[in-house]
Amino acid sequence: MQSVRVAGQERSLMASIRSWYREWRRGSGIGPVAYVIRVLILVIVAIFFGVPLIWLFLAPTKSNAQLIELQPLAFGSLEYAYGAFQRLMAYNNGIVKRWFFNSVWYVGTAMVINLAVTVPAGYALAIADIKGRKALLWATLILMMTPVNALVLPMFMELHTLGLTNSAWALILPSSFAPFGVYLTFVYYKTVMPRDLIDAAKVDGCNEWQLFWNIGLPLAASLVGMLTFSRFRAMWNNFFMANTLIWSDPLRTLPVGVGVLISGTGAILPDNPWSQRSGIRRAEAALLGVITVLPVALVFLFSQRLLVRSATSGALKE
Amino acid sequence: MTANSVASTSGVQTAAGQRKKFKLNLGYILILPYTVGMLLFGVGPSLYALVFSFSKFEGGKPQYLRAGFSNFVTAYTDYRFIPALKNVLSFVALTVPIGVFGAVFLALLMHATRDRLNKFLRTIYFLPGAVTGSVLVLIFIFLLDPMISPFGFLMRPFGWEAQQDVITRRTVVYVFVLIRFFSSAGGWIAIFYGALNGLSKEILEAAQIDGCNAWQLAWYVKRPLISSYVIYMLITMFTQSMQIVVEPSLIASATYGDSPVTPYWSLNQLASNLQTLGGNFGLSATIALLQVVMCAVAAILVITKTDYYKTDVRN
């Protein structure tokens, strides 16, 4: 039988393979064949998600004609991309920069308020002893189901009465109290704070405040990660309410500005005369798409660090 | 902590006849800001919309509660209503199971083993959700043109040679399902992955010691432990799918000639149309009410069957 030398000892080939296989299983948790199948499936799905993004990032380098004539994933030219960037920044006296700043300011402020409101509320719904807990959960759920177009006119009238329409607070306040985050937080605390953990804390002498401050809040690290990327994305891409509650061009958010710019110039349609006159074509529209994606991507990468492994690991010893 | 303070925490009187100390329940303090905001920016406008559904609108001005049920009759007997309802229900029937199954499957697959690939994959899956609506349409206009799309080799064997061959009245619902999966699955995968990371390491190790292989661990241990999140996704996806409006509106504006998507393809489009063209907010409010009722019925079924609101600590 063929033999190999491993760590200074003669071993049969089969023994070496079996040893390698055991090491692999111990390290990764699944066999090598299953690992390869796993990687294949995940990579195929990644191609479905990634190729359109690659197309988006390459589109600003190509003219309308090149987008049709060249291969879909071919690179155009850096000069064209730079020209597209200049045309975009020159559009309407640099309004795109204003829109970007507006989005960062509105969404950043709404996120801070949302986290401060949502985490305690979700904790209370999952853990605290409060009357009307189920009613609040049902109300939250019903609100999640209510179509935005049903709320737009009442919301407009209410904010108009408060003198807040066509201002940053018209978007910041409703976004800060959106129900989706509270429901997710309720689900999170329901899962990560079992009865045993709470009983153990109370036996150790924790009152309700200490339970929240010393256990509930530290456990919220993963939750903050989840809320940050999911709510940030939803708020950043909010179109309908943002389009209705704010109508001044300098106060618009970036996604609304993109929508207005693309529909106003007809940039998506080829050889559109308005598009040619304004200098905004498909390359510029794609570049706007890239600019819109980048902040969400950065926030996502940052929030991934907060999705730590097993926040309650070691908290309970059976 | 002393025994007395523990006793006061549990609300027990320490001696008969002594006045109970007033104790502020922390839960009410924590829930207060959200409750106020929810009433102001959620419940209030919703109730207002409900009043609108029973109101007349003349010259754009509401005459509150003067319409009785006439708005409901007008909206639900409109010739566009049933086709819009059918379109939305067929979209929901496809997108919810595909979305939920796809996201859960991919999250479990990623979590099966720890490697650097996971972080890269999560980012790739998530980024499409960051693309705003009108740019998403630009992407798909190119992706669904068999002659210029990088996926053209998948479409040309079907005899499709132009975008109009791919996006037809018969296939448009599948196009919307594809766009919805592309733009939303990544966020859910990231949430499920975060939930899987939050599972107790001891439970997973105990299952492996008991002999679970990776598949058994994923299906019989991890999946039930994240079921609360899966139900949350089910309810949210059902709700959001019922309200589809961005994809059909943008595809309609970006396709040439005889568009396969009418301005009334979905219920939300019909409602927006009635609102903006007819100036009758009451009509659009009745359609919104129907959507809320349908979603609520589905949610009630799911929540009551699964005891969803019960926690380890509270009933």
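The following paragraphs examine the structure supplied in this document. (Residues numbered from 1 in each chain as written. Chains lettered and ligands numbered in written order. Predicted model: local features only at pLDDT ≥ 70, side-chain atom pairs only at ≥ 80, totals over all residues. Heavy atoms only, no water.)

With that settled, consider the overall build of chain A. Helices and strands together make up the secondary structure of chain A, namely 16 helices and 2 strands. Per-residue burial for chain A yields a buried fraction of 54% across its 318 residues. When the accessible surface of chain A is split by element, carbon and sulfur atoms take 65% of a total near 14100 Å². (Helix = DSSP H or I, 4+ residues; strand = E, 2+ residues; numbered from the N terminus. Buried < 20%, exposed > 50% of the residue type's maximum accessible area, 1.4 Å probe, protein only. Areas by Shrake-Rupley, 256 points an atom, 1.4 Å probe, with all protein chains shown as cover.)

All names here are of chain B. With 12 residues, helix α11 (residues 214-225) ought to run about 16 Å at 1.5 Å a step, and its terminal C-alpha atoms sit 15 Å apart, in line with that. Of the positions making up α11, those classed as buried are Leu217, Ala218, Val221 and Lys222. End-on, the buried residues of α11 take up no more than an arc of 130 degrees, which puts them together on one face. Turned more than 90 degrees off the buried face of α11, the exposed positions are Trp215 and Tyr220. Looking at the buried residues of α11, the elements they touch are α4 (81-111), α9 (172-197) and α10 (201-209). The opening residue of α11, the one whose side-chain oxygen lies 3.1 Å from the backbone nitrogen of Trp215, is Asn213. (Expected span 1.5 Å × (residues − 1). Arc of directions from axis to C-beta. Contact = heavy atoms within 4.5 Å. Polar contact = N/O pair within 3.5 Å; in protein donor to acceptor, adjacent residues only side chain to side chain.)

What follows deals with the packing of helix α7 (residues 148-161) of chain A against helix α2 (residues 26-53) of chain B. For the pair α7 of chain A and α2 of chain B, the least separation of the axes is 8 Å and the interaxial angle reads 115 degrees. One finds that α7 of chain A runs roughly perpendicular with respect to α2 of chain B. Like other packed secondary-structure pairs, α7 of chain A and α2 of chain B cross with a definite hand, here right-handed. Where α7 of chain A abuts α2 of chain B, its residues Ala150, Leu151, Leu153, Pro154, Met155, Met157, Glu158 and Leu159 of chain A lie against Leu40, Phe41, Gly42, Pro45, Ser46, Tyr48, Ala49 and Phe52 of chain B. Tallied by class, residues from the contact of α7 of chain A with α2 of chain B come to 13 nonpolar, 2 polar and 1 charged. (Axes fitted to C-alpha atoms, helices over the stretch in contact; angles between N-to-C directions. Parallel < 35°, antiparallel > 145°, perpendicular 65-115°, else oblique. Left-handed = near helix turned anticlockwise from the far one by under 90°. Nonpolar A, V, L, I, M, F, W, Y, C, P; charged D, E, K, R; others polar.)

What follows deals with the packing of aromatic side chains. Between two aromatic rings, the relevant description is the distance of the centres plus the angle of the planes. For the structure shown, the criterion picks out 35 aromatic pairs over all chains. With 5.6 Å between their ring centres and 15 degrees between their planes, Phe232 of chain A and Trp236 of chain A make a pair best called stacked. Taken together, the positions of Phe232 of chain A and Trp236 of chain A, both in helix α12 (residues 220-236) and 4 residues apart, correspond to about one turn of that helix. Overall, the relative accessible area of 10% leaves Phe232 of chain A in the buried class. According to the relative accessible area criterion, Trp236 of chain A is buried, its value standing at 2%. Their ring planes at 10 degrees and their centres at 3.9 Å tell us that Phe300 of chain A and Phe126 of chain B sit as a pair that is stacked. Within this pair, whereas Phe300 of chain A is found in helix α16 (residues 282-304), its partner Phe126 of chain B is found in helix α5 (residues 116-126), the two belonging to separate chains. (Phe/Tyr/Trp six-rings, centres within 6.5 Å; stacked < 30°, edge-to-face > 60°.)

That is the geometry; function is a separate question.
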